[in-house]
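Read off the chains here:
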Amino acid sequence: DYDVQKLWQAGERIYNLRRAIMVMRENRTRTDDTLNHLWFEQRVGGAEGLVAPIDKTKFEALKDRYYELRGWNVTNGWPTKAKLLELGMKSVADKLSGAKKLG
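None of the values given here were measured: they were computed from a predicted structure. (Residues numbered from 1 in each chain as written. Predicted model: local features only at pLDDT ≥ 70, side-chain atom pairs only at ≥ 80, totals over all residues. Heavy atoms only, no water.)

Quick notes on the overall build of the chain
Then step 1. Within the chain, the secondary structure is distributed over 5 helices and 0 strands.
Then step 2. Counted from the first residue to the last, the chain has its helices and strands arranged as α-α-α-α-α.
Then step 3. Compactness check: the chain gives a C-alpha radius of gyration of 17 Å against a globular reference of 13 Å for 103 residues, more than 25% above the reference.
Then step 4. Counting all 103 residues of the chain, 25% fall into the buried class.
Then step 5. In the chain, of all internal contacts separated by at least 6 residues, the share reaching a separation of at least 24 is 53%.
Then step 6. Counting every atom, the chain has about 7,300 Å² of accessible surface; 55% of that belongs to carbon and sulfur. (Helix = DSSP H or I, 4+ residues; strand = E, 2+ residues; numbered from the N terminus. Rg over C-alpha atoms; globule rule 2.2 N^0.38 Å. Buried < 20%, exposed > 50% of the residue type's maximum accessible area, 1.4 Å probe, protein only. Contact = heavy atoms within 4.5 Å. Areas by Shrake-Rupley, 256 points an atom, 1.4 Å probe, with all protein chains shown as cover.)

Some remarks on the packing of aromatic side chains
Aromatic ring pairs: the centre-centre distance and the angle between the two ring planes describe each pair.
Then step 1. Scanning all chains against the criterion turns up 5 aromatic pairs.
Then step 2. With centroids separated by 5.3 Å and ring planes inclined at 70°, the aromatic side chains of phenylalanine 40 and phenylalanine 59 adopt a geometry described as edge-to-face. With phenylalanine 40 in helix 2 (residues 38-41) and phenylalanine 59 in helix 3 (residues 56-70), this residue pair connects regions lying 19 residues apart in the sequence. The exposure classification of phenylalanine 40 matches that of phenylalanine 59, with both residues buried.
Then step 3. Over the aromatic face of tyrosine 15 sits the side chain of arginine 18, whose NZ or CZ is 5.9 Å from the ring centroid. (Phe/Tyr/Trp six-rings, centres within 6.5 Å; stacked < 30°, edge-to-face > 60°. Lys NZ or Arg CZ within 6 Å of the ring centre and 35° of its normal.)

Looking at the side chain of aspartate 33
Then step 1. When you line up the elements, aspartate 33 lands in the loop between helix 1 (4-26) and helix 2.
Then step 2. The class for aspartate 33 is buried, based on a relative accessible area of 14%.
Then step 3. Aside from chain neighbours lying at most four places away, what touches aspartate 33 is Arg19, Arg28, Phe59, Lys63 and Tyr67.

As structure tokens, then:
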């Protein structure tokens with residue numbers, strides 16, 4: 001039996017595990033969490049739906065907030081030990097720590 005809270009936590013565990021795998025296998029960092037440079041340089045959309053380029057400073061501030069909400073390190077985008085332990089993922093935290101990739 002799973003209640004809503006347990007389902008949310010299961011989803012959060014999955015998302016953190018996915019991120020940990022990307023950090024370990026792909027050396028994923030904050031720098032990789034971006035958009036194609038064209039989104040920051042050109043207007044996008046169809047003839048009637050053009051929107052201004054995305055403000056890079058605001059985009060980076062949004063990433064800061066996202067990482068904070070996820071419980072990840074804002075500097076590098078890696079899951080933190082505290083977040084992984086909160087989710088009962090000590091073995092994942094230990095693996096990242098051993099590789100010196102814990103946020």
